[in-house]
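Overview (structure and organization)
Listed below are the residues making up each chain.
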Amino acid sequence: MSLGLKDILTYCGVLVCLVMSVDGSMLTCCNKVFRNNSVAYLLSKAPDPNCTTRWDLINRVIVDENGEVDTRTVLYHDKDRKIILGNNTSGIVYRLECPHSGVSKPVNCTDPCVPEIPETDLPLWKILFIVLAICIVTLISMICCMCKKRQGDMLLES
């Protein structure tokens, strides 16, 4: 099977699109149950500071937009990403309201947290640059191979 220039460029374009789509822009929430039956709810990233947020437990606000905490239910509240409840209850929802962008969505916290993978210190633009460099080197190598093959074919014909 021979790859043409069009196939190589398509491959490189797909790689670039994949890297650009994995920027973690979607906010998710997970939970971690401890041995004493308390539970931590963790957001995948800090919310936009321009948005109003709150934590609800079965349609009852337990941390409001101003950071006021229902101490009967909440043991710990980290302003950005985390809340710990005294007992394992279902029905926790993180509510995000962003009038400037039109985003208004509930984020359910039903999935268990997977062990954290250490974040890379490489920003997206550096990863994109590395992928593009690899694509360019691959493209140049393929072109050189095609040119050498043509030279060999021309020598055989003469």
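What counts, and where the lines are drawn
Residues numbered from 1 in each chain as written. Predicted model: local features only at pLDDT ≥ 70, side-chain atom pairs only at ≥ 80, totals over all residues. Heavy atoms only, no water. Pairing = 2+ DSSP bridges. Helix = DSSP H or I, 4+ residues; strand = E, 2+ residues; numbered from the N terminus. Axes fitted to C-alpha atoms, helices over the stretch in contact; angles between N-to-C directions. Salt bridge = Lys/Arg side-chain N within 4 Å of Asp/Glu carboxyl O. Buried < 20%, exposed > 50% of the residue type's maximum accessible area, 1.4 Å probe, protein only. Patch = residues over 30% accessible without salt bridge, like charges linked within 9 Å, V, L, I, M, F, W, Y side chains within 5 Å. Areas by Shrake-Rupley, 256 points an atom, 1.4 Å probe, with all protein chains shown as cover. Core = buried A, V, L, I, M, F, W, Y, C linked by side-chain atoms within 4.5 Å. Contact = heavy atoms within 4.5 Å.

Overview of the sheet that holds strand S3 (residues 52-57)
Here we have four strands laid out as an open sheet, ordered S4-S3-S7-S8, and antiparallel in their pairing. The sheet terminates laterally at strand S4 (60-63) and strand S8 (103-108), the two strands that pair on one side only. Strand-to-strand twist across the sheet, computed as the mean angle between neighbouring axes with direction ignored, equals 30°. Relative to S8, strand S7 (residues 92-98) runs antiparallel, the two being bridged by six bridges. Residue pairing in the sheet places Cys98 in a bridge with Val103 of S8.

Focus: the pattern of salt bridges
By the definition in use, this model includes five salt bridges. Salt-bridge contacts for Arg54 lead to Glu65; the nearest nitrogen and oxygen are separated by 3.7 Å. Of this pair, Arg54 sits in strand S3 while Glu65 sits in the loop between S4 and strand S5 (74-78), and the two are eleven residues apart along the sequence. Of the residues examined, Glu65 reaches a relative accessible area of 46% and is grouped as partly exposed. Through salt bridges with shared partners, a single ionic network connects Arg54, Asp56, Glu65 and Arg95.

Overview of a nonpolar patch on the surface
Taken together, Leu122, Trp125, Phe129, Ile130 and Ile134 make up a surface patch of nonpolar side chains, about 570 Å² in accessible area. Checked against the element boundaries, Ile134 lands in helix H2 (residues 124-157). When its relative accessible area of 51% is taken as the criterion, Ile134 is described as exposed.

Quick look at unusual backbone geometry
The backbone phi angle of Asn37 is positive, close to 75°, even though this residue is not glycine. Turning to its location among the elements, Asn37 is positioned in the loop between strand S1 (29-33) and strand S2 (39-43). Phi angles above zero are rare outside glycine, and Asn59 is one such case at about 60°.

A look at the nonpolar core
Ranked by size, the top nonpolar core spans 19 residues in total, and within it Tyr41, Trp55, Ile62, Ile83, Leu85 and Ile92 carry the most contacts. Breaking this core down by element, the ones donating at least two residues are S2, S3, S4, strand S6 (82-85) and S7. Of the residues forming this core, the biggest block, four residues, is contributed by S7. The contact partners of Leu85, leaving out residues within four places of it in the chain, are Ser38, Val39, Tyr41, Ile62, Thr73, Val74, Leu75 and Ile92.

A short note on the pairing of S5
In terms of strand pairing, S5 meets S6 through four bridges, oriented antiparallel. Looking at S6, one finds that Tyr76 is bridged to Ile84.

Overview of the environment of Gly86
The residue Gly86 is located in the loop between S6 and S7 in this model. Taking C-alpha positions, Gly86 is 6.2 Å from Thr73, a pair spaced 13 residues apart along the chain.

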